[in-house]
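Structure at a glance
The primary structure of each chain is shown beneath.
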Amino acid sequence: VYPNPFTGNSTFSYTLQQSMDVKIDVVDVHGSLIKQLYTGYAPAGVNQTVWNGTNQSKAPVAAGIYMYRLQTGKHVKYCKVVKQ
């Protein structure tokens, strides 16, 4: 995740061993959905998605700690990001 902390955009990079369906969301520290960033098929290798610091309604979110949630099949990974 870079930059971290961020004020404008934050980029989340992830590597897949094989092509597969993925879902990437931003959630708050309680696990509540803030914004769905990507749902679909992603190729093997390094992939990236960008979050512009807005919620599902496109309104800016408050400064604080958020998590990227990457779901691939039965696996879920979280990565912390701080919005200033």
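The coordinates are above.
Values in this document were obtained by computation on a predicted structure and should not be read as measured data.

Ranked by size, the top nonpolar core spans 16 residues in total, and within it Tyr14, Ile24, Val26, Trp51, Tyr66 and Tyr68 carry the most contacts. Mapped onto this core, the elements with two or more residues apiece are strand S1 (10-16), strand S2 (20-28), strand S3 (33-42) and strand S5 (64-72). Sequence-distant contacts of Trp51, defined by excluding residues within four places in its chain, comprise Phe6, Gly8, Asn9, Ser10, Val26, Ile34, Lys35, Leu37, Val61, Tyr66, Tyr68 and Val81.

In total, this model carries 5 aromatic pairs according to the counting rule given. Ring-pair connections join several aromatic residues into one group, and the members of that group are Phe6, Phe12, Tyr14, Trp51, Tyr66 and Tyr68.

Below, the discussion takes up the side chain of Ser10. Structurally, the position occupied by Ser10 is in strand S1. Looking at Ser10, its side chain comes within polar contact range of the side chain of Tyr68, at 3.1 Å. Contact partners of Ser10, with chain neighbours within four places excluded, come to Val1, Tyr2, Pro3, Thr49, Val50, Trp51, Tyr68 and Val81.

Next up on the list: the sheet that holds S2. If you trace the 4 strands from one edge of the open sheet to the other, you get S3-S2-S5-S6, paired in antiparallel fashion. Both edges of this open sheet fall to S3 and strand S6 (75-83), since each of them pairs with a single strand only. Each strand of the sheet is rotated relative to its neighbour by a mean of 15°, with strand direction disregarded. Of the strand pairs in this sheet, S2 and S5 are connected by 6 bridges, and their pairing is antiparallel. Bridge pairing links Asp25 to Arg69 in S5.

Here the focus is unusual backbone geometry. A cis amide bond links Tyr2 with the next residue in sequence, Pro3, at an omega value of -20°. Within the element layout of this structure, Pro3 appears in the segment before S1. Pro5 follows Asn4 through a cis peptide bond whose omega is 10°. Among the secondary structure elements, Pro5 is positioned in the segment before S1. Although it is not a glycine, Lys58 adopts a positive phi angle of roughly 70°. With respect to the secondary-structure elements, Lys58 resides in the loop between strand S4 (45-51) and S5. Taking the relative accessible area as the measure of exposure, Lys58 reaches 69% and is therefore exposed.

If you trace the backbone, Asp28 turns up in strand S2. Within the structure, Asp28 has its side chain in polar contact with the backbone nitrogen of Ser32 (distance 2.9 Å).

Scoring rules and cut-offs
- Residues numbered from 1 in each chain as written.
- Predicted model: local features only at pLDDT ≥ 70, side-chain atom pairs only at ≥ 80, totals over all residues.
- Heavy atoms only, no water.
- Core = buried A, V, L, I, M, F, W, Y, C linked by side-chain atoms within 4.5 Å.
- Buried < 20%, exposed > 50% of the residue type's maximum accessible area, 1.4 Å probe, protein only.
- Helix = DSSP H or I, 4+ residues; strand = E, 2+ residues; numbered from the N terminus.
- Contact = heavy atoms within 4.5 Å.
- Phe/Tyr/Trp six-rings, centres within 6.5 Å; stacked < 30°, edge-to-face > 60°.
- Polar contact = N/O pair within 3.5 Å; in protein donor to acceptor, adjacent residues only side chain to side chain.
- Pairing = 2+ DSSP bridges.
- Axes fitted to C-alpha atoms, helices over the stretch in contact; angles between N-to-C directions.

Nothing here speaks to function; it is all geometry.
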